[in-house]
Amino acid sequence: MNIIINGEKREFHEGITLQEILKELSLEDKVMAAALNMNIVKKEQWGSTVLKDDDKLELLDFVGGG
């Protein structure tokens with residue numbers, strides 16, 4: 001199935017969770033926030049949030065500066 005992550009189409013197996021995607025992309029420790037189809041997903045829900053074909057996922061990290 002296809003999932004659009006930060007504007008880039010990626011292919012994953014059916015029934016993958018948000019947490020599994022982060023692990024597969026080696027982003028487990030880097031992502032601070034996630035939005036699925038424009039809705040924020042709380043970090044404690046990442047392991048139970050199953051994505052569907054053509055979902056749009058935005059993964060965000062925070063960079064300090066100043």
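For the structure, check the block above.
Rules used throughout
Residues numbered from 1 in each chain as written. Predicted model: local features only at pLDDT ≥ 70, side-chain atom pairs only at ≥ 80, totals over all residues. Heavy atoms only, no water. Pairing = 2+ DSSP bridges. Helix = DSSP H or I, 4+ residues; strand = E, 2+ residues; numbered from the N terminus. Axes fitted to C-alpha atoms, helices over the stretch in contact; angles between N-to-C directions. Core = buried A, V, L, I, M, F, W, Y, C linked by side-chain atoms within 4.5 Å. Buried < 20%, exposed > 50% of the residue type's maximum accessible area, 1.4 Å probe, protein only. Contact = heavy atoms within 4.5 Å.

A few words on the sheet that holds strand 4 (residues 39-41). Strand order in the open sheet formed by five strands is 2-1-5-3-4, and the pairing between neighbours is mixed. Strand pairing shows two members of the sheet lacking a second neighbour, strand 2 (8-11) and strand 4, which therefore form its edges. Neighbour-to-neighbour, the strand axes of the sheet open up by a mean angle of 35°, direction not taken into account. Taken together, the three bridges between strand 3 (residues 33-36) and strand 4 define a ladder with antiparallel strand orientation. What sits directly across from A35, in strand 4, is I40.

Core analysis: the largest hydrophobic core is formed by 17 residues, its most contacted members being I3, I5, L18, I21, L51, L57 and L59. Every element with two or more residues in this core is listed here: strand 1 (2-5), helix 1 (18-24), strand 3 and strand 5 (56-60). Examining the composition of this core, we find that three residues originate from one element, helix 1, more than from any other. Not counting residues within four places of it along the chain, the set of residues in contact with L18 comprises A34, V41, W46, T49, L51, L57 and L59.

A few words now on the pairing of strand 3. Of the two faces of strand 3, the one holding A33 and A35 and the one holding A34 and L36 are both buried throughout. Examined bridge by bridge, strand 3 and strand 5 share four bridges and lie antiparallel to one another. Bridge pairing links A35 to E58 in strand 5. Hairpin connection, strand 3 to strand 4: the antiparallel pair is bridged by two residues, and N37 has positive phi, about 55°.

None of this, on its own, says anything about what the molecule does.
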